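Letter by letter, the chains look like this.
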Amino acid sequence: MNIDKRDIVIRRIENIDLKHIECIEADVNPEDQLIVEEMNPMFNAASDIVEYNGHVAEYGGLVVGYIISFKIVAISSISAVIRCVVDEDYRRCGVGSLLLDTVDPQTEGHKVSIECKEDNYGSMKFLKSAGYVVTQCNESEYDEDGEVDFDGYFVLTKEKREPMTLKNRLAMYPYYGE
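Residues numbered from 1 in each chain as written. Predicted model: local features only at pLDDT ≥ 70, side-chain atom pairs only at ≥ 80, totals over all residues. Heavy atoms only, no water.

To continue, consider the nonpolar core. Core analysis: the biggest nonpolar cluster contains 21 residues, and Val95, Val103, Leu127, Tyr132 and Leu156 have the highest contact counts within it. Looking at this core, the elements with two or more residues in it are β3 (62-72), β4 (78-86), α3 (95-101), β5 (111-117), α4 (121-129) and β9 (153-159). Excluding anything up to four places from it in sequence, Tyr132 contacts Leu100, Val103, Asp104, Val112, Ile114, Leu127, Leu156, Thr157 and Lys158. The next biggest cluster of nonpolar side chains, apart from the first, holds 13 residues, and it includes Ile13, Ile24, Ile68 and Val85. (Core = buried A, V, L, I, M, F, W, Y, C linked by side-chain atoms within 4.5 Å. Buried < 20%, exposed > 50% of the residue type's maximum accessible area, 1.4 Å probe, protein only. Helix = DSSP H or I, 4+ residues; strand = E, 2+ residues; numbered from the N terminus. Contact = heavy atoms within 4.5 Å.)

Here we take up the state of the cysteines. Tallied over the full model, the rule gives 0 disulfides. The thiol of Cys23 is unpaired, and the distance to the nearest cysteine sulfur, on Cys84, comes to 18 Å. The class for Cys23 is partly exposed, based on a relative accessible area of 47%. Cys116 provides the cysteine sulfur closest to Cys137, a residue in no disulfide bond, and the two sulfurs are 11 Å apart. Note on Cys137: relative accessible area 45%, which makes it partly exposed. (Disulfide = S-S within 2.5 Å.)

Any functional reading would require information that these geometric values do not contain.
Okay, here's the thing in structure tokens:
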């Protein structure tokens, strides 16, 4: 599908969006689907411990993607993305990039992490192109019969850092010419 990114509206999740998100979940992630009953407390209950944040991408009045993240109130410099999902018909149109921009670390020392299944190569490539780097790898776990008990995943992180000076970059590589 060929769409203009300028026609995509990014806005905070509202209660009316939860049913649309549930429908996208059913299509894209049926095994581990978020449902309205799980999302209601995220966006409608106050907490001193965790703060949820969510945005939807709208195109032509339709919700075509969403992102849900949280941060621990006591550690406000670290956020984690729970879900970033774009309807299959609207992928590779810039929707995911616009959604990720809503959680980009803005202050030096702030980090955003996201988990990605180890076999989800498309998402891995997309996240790496958005500036995320693999910071952790958790291998799949198997039961006694050799069946997958727990799917492996990668944790990718994006951190706002001070730009590295040329002197510091060169110091990373030892000089062997002497």
